[in-house]
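Architecture at a glance
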Amino acid sequence: MEKFLNFMAVVPEMATDDYVGFTFFVGCMAMMAASAFFFLSLSSFDSKWRTSILVSGLITFIAAVHYWYMRDYWATNATSPTFFRYVDWVLTVPLMCVEFYLILKAAGATKQLMWKLIFLSVVMLVTGYLGEAVYNTGSGPALWGLASGIAYFVIVYEIWFGGAAKLAQSAGGAVESAHKTLCKFVLIGWAIYPIGYMAGTDGWYSGIFGGLEMDVIYNIGDAINKIGFGLVVYNLAVNSKK
Ligand SMILES: *C/C=C(C)/C=C/C=C(C)/C=C/C1=C(C)CCCC1(C)C
């Protein structure tokens, strides 16, 4: 009995008000479940859609692995796992740009469009990392966050009104409506991240967002965007089978 109690004492416990730890844990499970779902559904689709579904699964799988590490990092250090967070994003966000390209490929999307979106997303993330982890004093976070926000804005513009939008229009039908939904994810779902950034860094905005917990906001954003994005693509593949 005493041995058992000793064992219990070293089993890590989570405080009931540890929302960050809790959302890392649940996020990890959700990403794993979503990955299993996308991978196992692969064989039920036409080869035309398999790459898109595979990428959906890769996005949630890469996130699941990072969430495993971030959950552990938080449990050990009780500080934000900023480095793992941005490594995760710099792998998964470009893959989300690839999804835009893949669903519009049949309508004539070029690799150039894909690389443009990937480039903009990397600029958005690298400048965000600089503001959050490197130049994170004085006006650093606000300035680097602004640079990141501009790149984000250009992505939004490109998919809503630029070349990608025109291709979606010419494709019509299920592809056009899936593109529209993905555009809404980028406009609304991705807008969650700058709020997390302002909650976690110091700047003119601290009085407004300072009371919020950055990692909880990022974790909610990731669950909505990574799993949601994948489901839109899954839905498109299902609809175009009919
Ligand atoms: C799966 C992860 C996703 C979809 C991550 C998206 C991240 C962003 C859209 C981050 C954007 C940022 C800004 C627009 C300004 C402040 C810095 C960032 C990097 C948080």
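Here the structure is a predicted model, which means the values were calculated and not measured. Numbering of residues starts from 1 in each chain and follows the order in which that chain's sequence is written. The predicted origin of the model limits local features to residues at a pLDDT of at least 70 and limits the giving and counting of side-chain atom pairs to 80 or more, whereas totals for whole chains, interfaces and linings rest on all residues. To obtain the side-chain values, all non-hydrogen atoms of the structure were used and water was disregarded.

1. Structural notes on unusual backbone geometry
You will see that Ala78, though not glycine, has its phi angle at about 55°, which is positive. Relative to the assigned elements, Ala78 resides in the loop between helix H3 (47-77) and helix H4 (82-104). Comment: elements are numbered from the N terminus, with helices defined as DSSP H or I runs of at least four residues and strands as E runs of at least two.

2. Re the site of the ligand
Lining the immediate environment of the ligand, one finds 17 residues, of which Met124, Ser148, Tyr193, Asp222 and Lys226 sit closest. Among the elements of the structure, H4, helix H5 (111-134), helix H6 (140-161), helix H9 (192-200) and helix H11 (214-239) are those that each provide at least two residues to the shell around the ligand. The greatest single-element share of the shell around the ligand, amounting to five residues, is contributed by H4. For the shell around the ligand, a count of residues per class yields eleven nonpolar, four polar and two charged. Any residue with a heavy atom lying within 4 Å of a molecule or strand is counted as near it. Ten residue types, Ala, Val, Leu, Ile, Met, Phe, Trp, Tyr, Cys and Pro, are classed as nonpolar, four, Asp, Glu, Lys and Arg, as charged, and the remainder, Gly among them, as polar.

3. Description of the nonpolar core
Across soluble globular proteins, nonpolar side chains show a tendency to be buried alongside one another. Counting 70 residues, the largest nonpolar core has Phe100, Leu104, Met124, Val186, Trp190 and Phe229 as the members making the most contacts within it. No other element matches H4, which puts twelve residues into this core. Between two residues, a contact is recorded if the distance between any of their heavy atoms is within 4.5 Å. Other than its neighbours up to four places away in sequence, Leu104 contacts Ala109, Ala164, Leu167, Ala168, Val175 and His179. The definition of a nonpolar core used throughout is a set of buried Ala, Val, Leu, Ile, Met, Phe, Trp, Tyr and Cys residues joined through side-chain atoms within 4.5 Å. Only protein chains enter the calculation, and the probe is 1.4 Å; a residue is then buried if its accessible area is under 20% of its type maximum, exposed if over 50%, and partly exposed in between.

4. What to know about the state of the cysteines
By disulfide we mean two sulfur atoms from cysteines, separated by a distance within 2.5 Å. Tallied over the full model, the rule gives zero disulfides. Cys183 takes part in no disulfide bond, and the closest cysteine sulfur, belonging to Cys97, lies 12 Å away. For Cys183, a relative accessible area of 3% puts it in the buried group.

5. As for the side chain of Lys226
By secondary structure assignment, the location of Lys226 is in helix H11. Given the relative accessible area of 3%, Lys226 is considered buried. Excluding residues that lie within four positions of it along the chain, Lys226 makes contacts with Met31, Ile59, Thr60, Ala63, Asp88, Trp89, Thr92, Met96 and Tyr193.

6. So, the packing of aromatic side chains
Between the rings of Phe, Tyr and Trp (Trp by its six-membered ring), a pair exists once the centres lie within 6.5 Å; its type follows the angle of the planes, with under 30 degrees stacked, over 60 edge-to-face, and the other angles tilted. Overall, the coordinates contain 18 aromatic pairs when judged by the stated rule. Look at Phe100 and Phe229: their rings are 5.8 Å apart centre to centre, the planes differ by 70°, and that puts the pair in the edge-to-face class. With Phe100 in helix H4 and Phe229 in helix H11, this residue pair connects regions lying 129 residues apart in the sequence. Overall, Phe100 belongs to the buried group, its relative accessible area being 3%. Of the residues examined, Phe229 reaches a relative accessible area of 1% and is grouped as buried. Ring centres 5.2 Å apart and planes at 75° place the aromatic pair Trp204 and Tyr205 in the edge-to-face group. Judged by relative accessible area, which is 2%, Tyr205 ranks as buried. Through a chain of ring-to-ring contacts, three or more aromatic side chains come together here, namely Tyr86, Trp89, Tyr129, Tyr193 and Tyr218.

7. Some thoughts on the environment of Gly140
Mapped onto the secondary structure, Gly140 falls in helix H6. A sequence separation of 63 residues divides Gly140 from Gly203, and the C-alpha atoms of the two residues are 8.3 Å apart.

8. Comments concerning helix H8 (residues 173-189)
Multiplying one less than the number of residues by 1.5 Å gives the expected span of a helix. When the terminal C-alpha atoms of H8 are compared, their 23 Å separation across 17 residues agrees well with the 24 Å that a helix rising 1.5 Å per residue should span. Among the residues of H8, Val175, Ala178, His179, Leu182, Cys183, Phe185, Val186 and Gly189 are the ones counted as buried. In the core, the buried residues of H8 are packed alongside H3, H4, H6, helix H7 (163-171), H9 and H11.

9. Details of the environment of Tyr157
Position of Tyr157 relative to the elements: it lies in helix H6. With 26 residues separating them along the chain, Tyr157 and Cys183 place their C-alpha atoms 9.7 Å apart.

10. Notes on the environment of Ser139
Along the chain, Ser139 turns up in the loop between H5 and H6. Taking the C-alpha atoms as reference, Ser139 lies 34 Å from Val65; in sequence the two are 74 residues apart.

11. Focus on the packing of H3 against H11
Their axes nearest at 9 Å, the elements H3 and H11 cross at an angle of 160°. By the criterion of interaxial angle, the relationship of H3 to H11 is roughly antiparallel. Relative to H11, the crossing made by H3 is left-handed. Contacts from Trp49, Ser52, Ile53, Ser56, Ile59, Thr60, Ala63, Tyr67 and Trp74 in H3 reach Asp215, Tyr218, Asn219, Asp222, Lys226, Ile227, Gly230, Val233, Tyr234, Leu236 and Ala237 in H11. For the contact of H3 with H11, the per-class residue count stands at twelve nonpolar, five polar and three charged. The angle between two axes is taken between their N-to-C directions and runs from 0 to 180 degrees, where each axis is a line fitted to C-alpha atoms and a helix contributes only its stretch in contact. In what follows, roughly perpendicular refers to angles from 65 to 115 degrees, roughly parallel to angles under 35, roughly antiparallel to angles over 145, and oblique to any angle outside these ranges. Crossing handedness is read from the near helix: turned anticlockwise from the far helix by less than a right angle, it gives a left-handed crossing, and turned clockwise, a right-handed one.

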